[in-house]
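# Per-entry structural report
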Amino acid sequence: MSQQILLGDEAVALGAVHAGLSAAYSYPGTPASEILESLVRLSAESGAFKAVWSVNEKVAYEEALGVSFAGKRSLVSFKHVGLNVAADPFMNSAITGANGGFLVVSADDPGMHSSQNEQDSRYYVQFAHIPGFEPSNHQEAYDMAREAYDLSERLGLPVLMRLVTRLSHSRSAVETRQARAQNELKKGAGKDWILLPANARRRFSQLLDQQAEMVRYSEQSPFNRLELNDRDRSLGVIASGIAYNYFREAVAGNVGAPPSFLKVSTYPLPEGLIRRLAAQVDRILVLEDGYPFIERQVRGLFGLPGKTVSGRTDGTLPASGELNPDIVRRSLGLAPLPSLPPSGLPLANRPPQLCVGCPHADTFKALNKALEGRALSNVFSDIGCYTLGALPPYSAIHSCVCMGASVSMARGASDVGLRPAVSVIGDSTFAHSGITPLLGAARADADMTVIILDNATTAMTGGQPTYGSGQELLRLLEGLGVPRAHIRTIEPLPKNHEANVQVIKDEIAHPGLSVIVAVRECIQEQRKKKRS
Amino acid sequence: MKQDIILAGVGGQGILSIAFVIDNAALADGLTFKQAEVHGMAQRGGAVQSHLRLSDGTIWSDLIPKGEADLILSVEPLEALRYMDHLRPDGVIVTSSTPYKNIPDYPDVAEVLEAVRRAPKSVIIDAEALAKEAGTAKAQNIVLLGAAAPVLMLKEQSLLATIDSLFRGRGLPILEANLKAFALGKKAALGS
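The structure reproduced in this document is the subject of the present report. Computed from a predicted structure; not experimentally measured.

## Thoughts on the overall build of chain B
On a plain count of helices and strands, chain B comes out with 7 helices and 6 strands. Listing the helices and strands of chain B from first to last along the sequence gives β-α-β-β-β-α-β-α-β-α-α-α-α. Its C-alpha atoms give chain B principal-axis dimensions of about 40 × 40 × 35 Å. Every one of the 192 residues in chain B was classed for burial, and the buried ones make up 59%.

## Some words on the overall build of chain A
The secondary structure content of chain A amounts to 20 helices and 20 strands. Along the three orthogonal principal directions, the C-alpha set of chain A runs to about 80 × 65 × 50 Å. Residues counted as buried form 55% of the 532 residues belonging to chain A. Residue pairs at least 24 apart in sequence account for 79% of intrachain contacts in chain A once pairs closer than 6 positions are excluded.

## Remarks on the sheet that holds strand 6 (residues 121-125) of chain B
Across a sheet, strands are paired by hydrogen bonds formed along the backbone, either parallel or antiparallel in direction. A sheet is described by the order of its strands in space; here 8 strands give the open sequence 1(A)-8(A)-2(B)-3(B)-1(B)-4(B)-5(B)-6(B), paired in mixed fashion. Sheet topology places strand 1 (3-7) of chain A together with strand 6 of chain B at the edges, where each strand pairs with a single neighbour. Averaged over all pairs of adjacent strands, the angle between their axes in this sheet comes to 20°, without regard to strand direction. One ladder, built from 3 bridges, connects strand 8 (residues 170-175) of chain A with strand 2 (residues 32-36) of chain B; its direction is antiparallel. Bridge pairing in strand 2 of chain B places A:Arg171 opposite B:Gln35.

## So, helix 5 (residues 140-148) of chain B
Taking burial as the measure, the 9 residues of helix 5 of chain B include 9 buried ones, the bulk of the element. All buried positions along helix 5 of chain B are accounted for by B:Gln140, B:Asn141, B:Ile142, B:Val143, B:Leu144, B:Leu145, B:Gly146, B:Ala147 and B:Ala148.

## Concerning the pairing of strand 3 (residues 47-55) of chain B
Residue and element names in this part refer to chain B. Counting buried positions over the 9 residues of strand 3 gives 8, a clear majority of the element. In this sheet, strand 3 lies alongside strand 2 in antiparallel orientation, the contact comprising 5 bridges. Bridging across to strand 3, alanine 36 finds its partner in histidine 51.

Quick notes on the rules
Residues numbered from 1 in each chain as written. Chains lettered and ligands numbered in written order. Predicted model: local features only at pLDDT ≥ 70, side-chain atom pairs only at ≥ 80, totals over all residues. Helix = DSSP H or I, 4+ residues; strand = E, 2+ residues; numbered from the N terminus. Buried ≥ 20, exposed ≤ 12 C-beta atoms within 10 Å, placed from the backbone. Contact = placed C-beta atoms within 7 Å. Pairing = 2+ DSSP bridges. Axes fitted to C-alpha atoms, helices over the stretch in contact; angles between N-to-C directions.

Below, the structure is given as structure tokens:
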């Protein structure tokens, strides 16, 4: 077959297409955005399947589950915290089971390159009692997609693939296979999907009964690999996902065979293989990018008698943060390679910042001016480019928790008397999770001011479409019950600064709910349109 | 044989286009490669880098270990210094001399260039001037690719073919400017 240059994200996407995908859903989030972006491109070329940006991850998950219930192969993808948003249907879909193959792709962000936390999606795999895959390279990401669909259809369960930023955003050549046909529509077992307690109890015990089969699958999977070194019993390495590469990199220059090792790429853990490794060695070092998920299971509460288990929990590796080849090299007791010393010059940091001419900058300047002298003011903000408003020279916001939280948090603070309670949220984030809290705030006419930054796109992740922008957004606000007189629009431009400050001051002074929509298109999107 | 390259710059300076050209040339030359890049928040005017590894054998890590980089190819001089401790003792720095000053505490440019020169092997190119000479200031990244071409383990033909495929769709004048930028960069590096 042919070779293609693909991002890790794109390798999963193409693997799914070639495995007979019928529909895919997602909400953008780094490092997962490129999965659906590439599916949108491929779908436009072939027209053979659907690829849809959903309103949020929960909606995306349920849309994909509907596809699976109809018998077709489906995919849902998101960043790790997106799985929190989708956790309700995720957990319950493990009980209903799947009909058509159902692949859930969750891209973790160890090191928090673009995230609020570095939670490890493998805990969700364990939590839901479903199978999981963790590729270590692009070819595996591509191949595992098809394997995951086969396993999903064999077990009748959703299957999760865990990616990490470093693989999602790395490019390499991938050998592709012949595409196979999609499934026909197929009615599934109806009762399984009605999670009344009687059905749910029956389904949950079936799911628990399937666990042994999943472990056997892991033990036989060619993606896991045990290599024993009979000459050196001092150390055995368990390495999962991308950490396996760092291990092989570190020992590639060694004279002689590497220490005994087990590569882990499927979950639940291949217990038999771990026992064989443990029987062979005195000390086990666990390398995994993310939480010490394997390490804690291997050690258990009482440890392994007569053995040492090392990794993130005993200080051999840092307790948090992304692994890299240097950290792993050190953990194996290998000396650093000779290199040039640092330049010696103090290097100024260059943090990310709002683009020159960004509409958010003008909104923040006006907001700061309007709030001048108000000691108690709190600006709750949200997830997007505008989170950069936390940095100088703006220093304009005081919170960033999760999608939509700015609106609900402002409501809570307002309820206990904080004035002014201000929320700043982007149009895409508002559509994702800001509508429901605003509905509640409108019903109560809570004394708070929501500023929606309507730049007509999902900017931070590269300009995906948005669901709540322009006139539609204004009509939506009215429909939610925001008083018409207190739905205001401003155009964030330097020339409008004074007028915008006044609008914000007026609405903050209003003793009830007000929403100010700051309308100006993202300049990156404007540029893109000009170019094309 | 292998070659490990750190591409450095500021978000928006076009280092991913350099990576695109090298990746495709590597594929054409039958080499294996891995190229780790930065997406998302840091792309907004922040420091960005891409680890690009070429080999005629297996490549394990997507990231280059410290001490393994053979080349730092930087579109901005301060950014070239950020990754010096990744360079092998005999590694090469190829960098633009044009600073990108979007931070208040940008150090003295002469000191920055002096620090680059302290590396055992460095090539400093006035990429801005050469790109303008080629026809567009936007081609600074391709000037630097041309400057690095003599030390890359890739056929020049493969690099030029990819530049062709990358820019042909944007019109002949843009393609020609980029080909000229590549040639000017190469000439400047060989003459330095």
